[in-house]
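Residues per chain are reported as follows:
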Amino acid sequence: MSAQDSTFRGFANPVDPSPAELRAWAYQPDSVPLASMPQDWDLLVAGNGLVATLFDLAMDPACPARRFALHCLYIYAAGGIRSGFRAHPKRRFWKLVERAEREGDEPMRTWARNSRILLAQPDVFVYRDWCEGGLVRENRRLP
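This report concerns the structure included in the present document. (Residues numbered from 1 in each chain as written. Predicted model: local features only at pLDDT ≥ 70, side-chain atom pairs only at ≥ 80, totals over all residues. Heavy atoms only, no water.)

Looking at the secondary structure, you find Asp 42 in helix H2 (residues 41-45). Among buried charged residues, Asp 42 stands out as having no salt bridge; its nearest opposite-charge side chain is Arg 137, 8.5 Å away. Reaching out from Asp 42, the side chain makes a polar contact with the side chain of His 71 at a distance of 2.6 Å. Setting aside chain neighbours within four positions, we find Asp 42 in contact with Phe 68, His 71, Cys 72, Ile 75 and Cys 131. (Helix = DSSP H or I, 4+ residues; strand = E, 2+ residues; numbered from the N terminus. Buried < 20%, exposed > 50% of the residue type's maximum accessible area, 1.4 Å probe, protein only. Lys, Arg positive; Asp, Glu negative; His and termini not counted. Salt bridge = Lys/Arg side-chain N within 4 Å of Asp/Glu carboxyl O. Polar contact = N/O pair within 3.5 Å; in protein donor to acceptor, adjacent residues only side chain to side chain. Contact = heavy atoms within 4.5 Å.)

Structural data, given as structure tokens:
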């Protein structure tokens, strides 16, 4: 039985969800509304431990929480790039960017392109866009 077929019963610890819990929630996001999650939950889950799961969810157009997962990828990219890859491993980040370019649809390719632009031009960072979901809501490509 896949995460999409099972009933999600909640997080054991919402501050530190497991990949399986995050995946199950993403296919039934109304079971635990975002508004009931800890403050800045997106920032908490957008780290190395869940980035592969978030990436898979963002790559799935059928995932109900896809936009949330993509938003977390923007946070992950900004955190890695702005910290000079002290916050996140550069190699892992580049593998995700390259996979999004190869296999992703428009929103994923836009994320990859915007990430490359941020690396080349750090001054394009705007907190609202990268960490509050602006680029996801607008599906905007940076100039």
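Additional details are given in the paragraphs that follow.
Approximately 170 Å³ is the volume found for the largest pocket. What lines the largest pocket is Leu 34, Asp 42, Arg 67, Phe 68, His 71, Glu 132, Gly 133, Val 136 and Arg 137. Counting only elements with at least two residues in the lining of the largest pocket, the list comes to helix H4 (66-82) and helix H8 (134-138). Residue contributions to the lining of the largest pocket peak at three residues, all from H4. Here the lining of the largest pocket is composed, by residue class, of three nonpolar, two polar and four charged. (1 Å grid on protein atoms, 1.4 Å probe; cavity = no way out; pocket = protein on both sides within 12 Å on 5 of 7 lines; lining within 4 Å. Points joined across faces, edges and corners; volume = space filled by probe spheres on them. Nonpolar A, V, L, I, M, F, W, Y, C, P; charged D, E, K, R; others polar.)

Summed over all chains, the structure comprises ten salt bridges. Close ionic contact of Glu 138 with Arg 128 constitutes a salt bridge, the shortest N to O distance being 3.2 Å. One end of the pair, Glu 138, is in helix H8; the other, Arg 128, is in helix H7 (residues 127-131), with ten residues separating them in the sequence. For Glu 138, a relative accessible area of 41% corresponds to the partly exposed category. Residues joined by salt bridges that share partners form a network here, namely Arg 23, Asp 56, Arg 99, Arg 102 and Glu 103.

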